[in-house]
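Listed below, chain by chain, are the residues.
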Amino acid sequence: SLTLTGTSMSSLNRLMVVADGAACGTASADSAVVFAPAAPTVTGGTQAVYSNVKVGITSYYELCWWDGDGGAGDVVGSYRTHAGSLIVRGPSLGFTFSFMANVVSELTITGSGLSSSNRLKVIVAGAGICGDGATDEDAAIVVEGPGSPSYPTTSKLRFGLRLNGV
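The following paragraphs examine the structure supplied in this document.

Analysis parameters
- Residues numbered from 1 in each chain as written.
- Predicted model: local features only at pLDDT ≥ 70, side-chain atom pairs only at ≥ 80, totals over all residues.
- Heavy atoms only, no water.
- Helix = DSSP H or I, 4+ residues; strand = E, 2+ residues; numbered from the N terminus.
- Buried < 20%, exposed > 50% of the residue type's maximum accessible area, 1.4 Å probe, protein only.
- Contact = heavy atoms within 4.5 Å.
- Areas by Shrake-Rupley, 256 points an atom, 1.4 Å probe, with all protein chains shown as cover.
- Phe/Tyr/Trp six-rings, centres within 6.5 Å; stacked < 30°, edge-to-face > 60°.
- Pairing = 2+ DSSP bridges.
- Axes fitted to C-alpha atoms, helices over the stretch in contact; angles between N-to-C directions.
- Disulfide = S-S within 2.5 Å.

Quick look at the overall build of the protein chain
Link 1 in the chain: For the protein chain, the count of helices and strands is zero helices and twelve strands.
Link 2 in the chain: Going from N to C terminus, the protein chain has its helices and strands arranged as β-β-β-β-β-β-β-β-β-β-β-β.
Link 3 in the chain: Burial statistics for the protein chain: of 166 residues in total, 31% are counted as buried.
Link 4 in the chain: Summarising the internal contacts of the protein chain: among those between residues at least 6 apart in sequence, 60% fall at separations of at least 24.
Link 5 in the chain: Of the roughly 9,700 Å² of accessible surface on the protein chain, a fraction of 52% belongs to carbon and sulfur atoms.

Structural notes on the packing of aromatic side chains
Link 1 in the chain: Applying the stated criterion across every chain yields a total of one aromatic pair.
Link 2 in the chain: On the basis of an interplanar angle of 55° and a centroid distance of 5.7 Å, the ring pair of W66 and Y79 is categorised as tilted. Linking W66 in strand β7 (residues 59–66) with Y79 in the loop between β7 and β8 (81–88), this pair joins segments that are 13 residues apart in sequence. Of the two residues, W66 and Y79, neither departs from the other in class, the shared state being buried.

Details of unusual backbone geometry
Trans peptide bonds make up the majority, and among non-glycine residues the majority have a negative phi.
Link 1 in the chain: Of note in the backbone geometry, S8 takes a positive phi value of approximately 55° without being a glycine.
Link 2 in the chain: Structurally, S8 is set in the loop between β1 (2–5) and β2 (14–19).
Link 3 in the chain: The class of S8 is exposed, set by a relative accessible area of 67%.
Link 4 in the chain: The phi dihedral of N52 is positive, around 60°, even though this residue is not glycine.
Link 5 in the chain: Its location among the elements puts N52 in the loop between β5 (47–50) and β6 (54–55).

Topic: the environment of I57
Link 1 in the chain: Here I57 lies in the loop between β6 and β7.
Link 2 in the chain: The spacing of I57 and S92 is 35 residues in sequence and 7.0 Å in space, taken between C-alpha atoms.

So, the sheet that holds β1
Link 1 in the chain: The antiparallel open sheet is built from three strands, whose spatial order is β1-β5-β4. Strands with a single pairing partner mark the edges of an open sheet, and in this sheet they are β1 and β4 (41–43). Put simply, the sheet's adjacent strands are angled 20° from each other on average, direction ignored.
Link 2 in the chain: Bridge analysis of β1 against β5 gives four bridges, and the strand direction is antiparallel. Directly across from T3, in β5, lies its bridge partner V49.

Things to note about the environment of V18
Link 1 in the chain: For V18, the location among the structural elements is in strand β2.
Link 2 in the chain: The buried category is assigned to V18, whose relative accessible area is 0%.
Link 3 in the chain: Residue contacts for V18: discarding those within four places in its chain leaves A27, S28, A29, D30, Y61, E62 and C64.

A closer look at the state of the cysteines
Link 1 in the chain: Using the criterion set out here, one finds one disulfide in the structure.
Link 2 in the chain: Each sulfur in the disulfide pair C24 and C64 lies 2.1 Å from the other. An S-S torsion of about -80° defines the bridge between C24 and C64 as left-handed. One end of the pair, C24, is in the loop between β2 and β3 (33–35); the other, C64, is in strand β7, and 40 residues separate them in sequence. Neither residue differs from the other here; C24 and C64 are each classed as buried.

So, in structure tokens, the structure goes:
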């Protein structure tokens, strides 16, 4: 969810997520927005919470606001006020990597807002489990690494690792 604070906030207010650097009032919603912000839940007229917002691509975005008075929610020109910026952090998705068995290899992950404290867990393809559900057995193909990334930047992390044969 996204929370905006201000004065005279109401459930008529709306947000639009647009590309980084886009001008509010002229740009359409970014194509990476999977679930657009709907009517907010307002507390005390000073806080509006927009729930179920989902952006599918890591990047930087602008938040454009409309007070809900006049115009229409589907008219780009209604969203003239720049309410803030949104950073969706994490790795870019959809990569497939191939490595030789028992050879130290380098794996580079790209994305937005990455840091040297980020970690990587390599699991057997087809295990279908990522996150907390991945077991040590799923990761048994890793002989060395991945450990801490080398040469970290906010958009790229490089990991060294060696895999056994599968």
